[in-house]
Each structure stands twice: as C-alpha cells, then as structure tokens.
Amino acid sequence: MNLEPFRPAFHFTPPTAWLNDPNGMVYYDGEYHLFYQYHPNDTVWGPMHWGHAVSTDLVNWQHLPIALEPDELGIIFSGSAVIDWHNTAGFGSEAMIAIYTYHSSDARQSQAIAYSLDKGRTWIKYADNPVIPTPPNIRDFRDPKVLWYSDGHGKGHWVMALAANSAIMFYTSPNLIAWQAAGSFGFGQGATDGVWETPDLFKLPIAGTAESRWVLTVGIGDNAPAGGSGMQYFIGQFDGQTFINDNPRTTVLWADFGADFYAAQSWSNAPDNRHIWLAWLNNWPYANQIPSSTWRGTMAIPRELRLLQTKEGLRLGQTAVPELAQLRQNAQRWQNIVVTPGVAFVPGITGDQLEIIAELEISTEASNLGIRLRVGDGEATVVGYAPRSGTLFVDRTKSGQSSFSDQFARIHTAAVEPADGILMLHIFVDRSSIELFANEGLITFSEQIFPGEASVGVELFAEGTAVTVRHLEIYQLRAAQFRPWPANAASEGPPHA
Ligand code: FRU
C-alpha cells in the first residue's frame, strides 16, 4: 500500500510534517533559496520554524536543515531575505539577511533579522532583535518583505512592506537594522474582508513596451473568490516611501481564482531580470485537515510574472516557469478534433502527472465544454467553459476525497473572454493538484484534489453543440528530484524520516 498516495511528483513538499508560506526567497550564486513556514514535529500548524531547500533550476530541489528555530523572543513567522551586496548591515560582504516576524508567547508580533555568511547553510540571529518592536495597538503586524529601492541616481535605501491589520505599512532603512516608518497603503482599498498578510512589492515590465509599474500583492485571510484565503494585487507607483494605486480604491484584482493559492512571494535578486513567484498551494479553512499523510502542505509551481495590457487595463499575466519542460516525456499532439455532444474524446494518454495544452474554438451555441481530469470510478475534476456566460470554471465537487471540510467540494469560477474566438488552456496535473493557466495566464486557478490512485483518465467534452479543438498537446511528466538532507549536515536529518 502506498502510504503517500497524494505526495506530489513535481511540486515542492517538506520531507515530513507541516509546511505553509514560502519565506526568504532569494537567489544567490546559482541557487534559488526557498525557506518555508515549517512545524517539524507534527502535520498540523504549530510553533513555526523556517525550513529550507535550494534549487538551481526551480524544478529539482535539495532539502537542507532547518534555518531558523524559535527562541525566547518567539516563534518564527513569515518574512523575506536579501543579499546585502554592499555590507550595509556590517555583517559581511554579500551576507544573506533574513527579515522575519517574531510571534511571542503573548501573541505580540515584532520584526527581526538574522544573517548567513555561508549561502544560507547556517544562520546567526542579530543580537539586538527585534529591529522593529511591537507597536502598542496593532495585533496583526507581520510578514516583512524587504527590497532595495534605487532612486535611479546612484542612491537608494532598503524598503520594508509589512502587513498591519488591513493595511500595508512601509518602513525604510539604510542598513536593515535601524528602520523608520514611511508611508502606508490600504485602509479600504481593494478587498478588505479579511486580515491582510504576506505582502510583496516589485516593479514589473509591461509586456511589449519599455514601461513598467509597481505591483503590490497582498494575501487576504478570508473571503477570496473561491472562499477562504487568497491573493489580491494592486498596480501603481512606488516612490521609495509609499505606494499609490493607479486604479480606483474599489477595484479588486485577484491573482488566482482557484481555492489554493496563498502567501505568494517573489524571488529577490532573480537572474536575468526574471520575476518569479511561488505560493502555498492551500487554503486556511481546511489546510490543517487535508488528507495527506506524513506531510501536510505543498507549494504551487513557480510562475513567471509580467504585466499585460487588456481592455480593462493592466493585469498580471502568469505563466509556469519554462524550466518545467525538462519533465516532459511521451508527447502526443492532435489538430482539429471535433468533439460532439455526449461523446467524450478520450485521447488515450492517462496519468496523474500531466501537462496539457489545449486551444478550443469557442462558439456561443455550446452550453459547456472542457476537459475532465483524474477521471475514474465516479470521480472527475472538470475544467470547463460556459461560452454564453463567459465563465471559466473548475468543478471539484466530484474530484475525490472532500469530507474533511464542507468548504472543499465546490465549483470555482472566473470571467474569461476568448481571444479571437479561441480559449487557450495550459494545465498541470499532479498527484493532488491541478493548476490551470488561461489565455496568456491572465486568469489562473490553483486547486488541490484528492482523487483515488486509479483515477487517471482524461476526456474532452462538449455539451449543446460540437466543439473544435484546434490543437491539443499532452505530455506525461516525470517526477522532479527532491534530494533528502545531506547525511553530513549539521542537524541529524528530518524528524520522523
Ligand atoms: C499566512 C500567515 C502569515 C504568518 C504565517 C504563520 O499564511 O498567517 O501571516 O506569518 O502564516 O505561519
């Protein structure tokens, strides 16, 4: 019997035990570092540590010993990391510096730093932590994202974006140690029906132009489009002190319409001007109950980010990192398949590790069309499109196990218009998830599913009228490599391994 039927093949999971947010994401000397909220002693949330792994290609990962452990100031909540190229903090040239939140035993939150001089392998906490103490009246005061702001004239300073209740506060510093309050943003802008968490702030190019805009992303703890926690974003200007929204305060922009995309963070210092982020593939209302076994919590696949000009204005476009193509095997391609109502097209390639690219011709006479995934024994996860209402949906009401939460078995929707009559779908299927990127990644859905191991079917369907699938491409995907902690590492290895 497989004790880990839901263990993903190409998504990052901890060796054992509980994982939530990605933390401290920084690229340095050929390695992408991924730290993460980690409770090493159980498969439910508990006293937080920073787990750690590195990758040279965003696909294959090397697990490393725990980087930060709780201490007398508190447990270690989410945060970020930077390379201190010019030794502004005085810890050493090119020190890797982590900026994180302490959550104390009396639930007070403060910001602290730690540094590493050996590529993140060992960490020293700064002796005079915290660097930003708990303010008197703010209970939720956490998740520092730090970046270097350059004024374009040879000067610059560090900026911290910090979630404080339902707003983002900005701080500035010359050295990551002394911080000064600067501007703030929020207070009723965007979606506010939940606590704001895990901010990120970066400048993104607008595709096809020489221009760029600042993007502020914010996790919201409740009432996201698919219920529970989700990611929203704002597009605007940042002047080194504060963020100014280009859109009306009532505009709400969501980064994903599935249920499982939270606490996304981008890599600092990514090479070749890349903008790549990664999210926790989960949702707080049921995160502690999902039916995985020896571990609990998965990261979504890394995504490349850019801004796209649309009829409605600028929007975030997200695509899976191209490095994932190394996992492709057994490609099959079809052109101009006509799928008739009531007769599913079965491509004959099955699996629980698949990549699917489909170009569907959309006629408004069709009532529904799409792709059923992980089909078997009364189970299926449906990626569908309803042309009359212009709604793209993922239906996981029959996707497999769902009794662990009454918030799981639902249909999630987003408005999508075909581009020149074509709906483009790019889908990744893993052992307990699907991720869907539609039309250049303007709309994405990230969803966990817990089907039976034998549910591996794929079917294309049409209702109402025949649908032409102009192009279909399916790959089986190999498993990525997740190498265990090295035997000679400072710690003994993963707990319960
Ligand atoms: C987001 C979050 C953060 C916090 C961390 C604790 O998922 O609630 O705000 O730092 O998780 O694990």
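Residues numbered from 1 in each chain as written. Predicted model: local features only at pLDDT ≥ 70, side-chain atom pairs only at ≥ 80, totals over all residues. Heavy atoms only, no water.

## Quick look at the pairing of strand β24 (residues 354-361)
- Among the 8 residues that make up β24, 6 are buried, leaving the element largely enclosed by the rest of the structure.
- Judged from the 8 bridges that link them, β24 and strand β29 (residues 422-430) form a sheet pairing that is antiparallel. Residue pairing across strands places I356 opposite I427, the latter belonging to β29.
- Sheet topology note: the β24/strand β33 (residues 467-477) ladder contains 7 bridges and is antiparallel. (Buried < 20%, exposed > 50% of the residue type's maximum accessible area, 1.4 Å probe, protein only. Helix = DSSP H or I, 4+ residues; strand = E, 2+ residues; numbered from the N terminus. Pairing = 2+ DSSP bridges.)

## A short note on empty space enclosed by the protein
- One pass over the full model with this rule turns up 5 cavities of 30 Å³ or more.
- Roughly 90 Å³ of internal volume is contained in the largest cavity.
- The wall of the largest cavity is formed by 14 residues, among which F10, F12, W61, A300 and P302 lie closest to the centre. (1 Å grid on protein atoms, 1.4 Å probe; cavity = no way out; pocket = protein on both sides within 12 Å on 5 of 7 lines; lining within 4 Å. Points joined across faces, edges and corners; volume = space filled by probe spheres on them.)

## Re the sheet that holds strand β5 (residues 75-84)
- Pairing within the open sheet is antiparallel, and its 4 strands lie in the order β5-β6-β7-β8. Only two strands of the sheet have a single neighbouring strand rather than two, namely β5 and β8 (124-125).
- Note: strand β6 (residues 95-103) against strand β7 (residues 109-116), 8 bridges, orientation antiparallel. Its bridge partner being in β7, A98 is matched across the sheet by A114.

## Details of the pairing of strand β4 (residues 61-68)
- β4 sits mainly inside the fold: 8 of its 8 residues count as buried.
- Here strand β3 (residues 49-55) folds back onto β4 in antiparallel fashion, the turn holding 5 residues, of which L58 has a positive phi close to 70°.
- Relative to strand β34 (residues 482-483), β4 is paired through 2 bridges, and the arrangement is parallel. Looking at the pairing, W61 lines up with F482 of β34.

## Some points on the domain arrangement of the protein chain
- Each assigned domain of the protein chain is listed with its residue range as follows: domain 1 (17-320) and domain 2 (331-477).
- Once you take the C-alpha centre of each, domain 1 and domain 2 turn out to be 31 Å apart.
- In this assembly, 28 residues from domain 1 lie in contact with 24 residues from domain 2.
- Summed over the shared surface of domain 1 and domain 2, the result is 3 salt bridges.
- Between K311 and E417 there is a salt bridge, with the nearest N and O atoms lying 3.0 Å from each other.
- Summed over the shared surface of domain 1 and domain 2, the number is 17 residue pairs in polar contact (both at pLDDT 80 or more).
- Elements with a contribution of two residues or more to the side of domain 1 that touches domain 2: α1 (284-287), β21 (303-310) and β22 (313-320).
- A per-element tally of the side of domain 1 that touches domain 2 places β22 first, with 6 residues.
- Of the residues contributing to the side of domain 1 that touches domain 2, the split by class is 15 nonpolar, 7 polar and 6 charged. (Domains from an automatic or database assignment. Contact = heavy atoms within 4.5 Å. Salt bridge = Lys/Arg side-chain N within 4 Å of Asp/Glu carboxyl O. Polar contact = N/O pair within 3.5 Å; in protein donor to acceptor, adjacent residues only side chain to side chain. Nonpolar A, V, L, I, M, F, W, Y, C, P; charged D, E, K, R; others polar.)

## Here's the deal with the packing of aromatic side chains
- All chains considered together, the criterion is met by 38 aromatic pairs.
- Relative to W158, the ring of W148 lies with its centre 5.0 Å away and its plane at 75°, an arrangement referred to as edge-to-face. Of the two residues, W148 sits in strand β9 (residues 141-150) while W158 sits in strand β10 (residues 156-164), which places them 10 residues apart along the sequence.
- Between Y149 and F238, the ring centres sit 5.7 Å apart and the planes meet at 75°, which makes this aromatic pair edge-to-face. Taken as a pair, Y149 in strand β9 and F238 in strand β15 (residues 230-238) lie far apart in primary sequence, 89 residues in all. For the pair Y149 and F238, a shared accessibility class is recorded, and that class is buried.
- These aromatic residues form a ring-pair network of at least three members: F12, Y27, Y32, Y36, Y38, W61, W267 and F482.
- Over the ring of F408 we find R396; its NZ or CZ atom is 3.6 Å from the centre of that ring. (Phe/Tyr/Trp six-rings, centres within 6.5 Å; stacked < 30°, edge-to-face > 60°. Lys NZ or Arg CZ within 6 Å of the ring centre and 35° of its normal.)

## Structural notes on the nonpolar core
- Counting residues in hydrophobic clusters, the biggest one holds 60 residues, and the most contacted among them are F10, W267 and L324.
- The residues touching F10, leaving out its near neighbours within four places in the chain, are I301, L324, L327, Q353, F428, V429, D430, L477, A480 and F482.
- Among the nonpolar cores identified, the runner-up in size contains 57 residues, and V218, A224, L360 and L472 belong to it. (Core = buried A, V, L, I, M, F, W, Y, C linked by side-chain atoms within 4.5 Å.)

## A short note on unusual backbone geometry
- In this model, N129 is joined to P130 through a cis peptide bond whose omega is -5°.
- Counting through the fold element by element, P130 comes out in the loop between β8 and β9.
- In this structure, N330 is a non-glycine residue whose phi angle is positive, near 45°.
- Its location among the elements puts N330 in strand β23 (residues 328-339).

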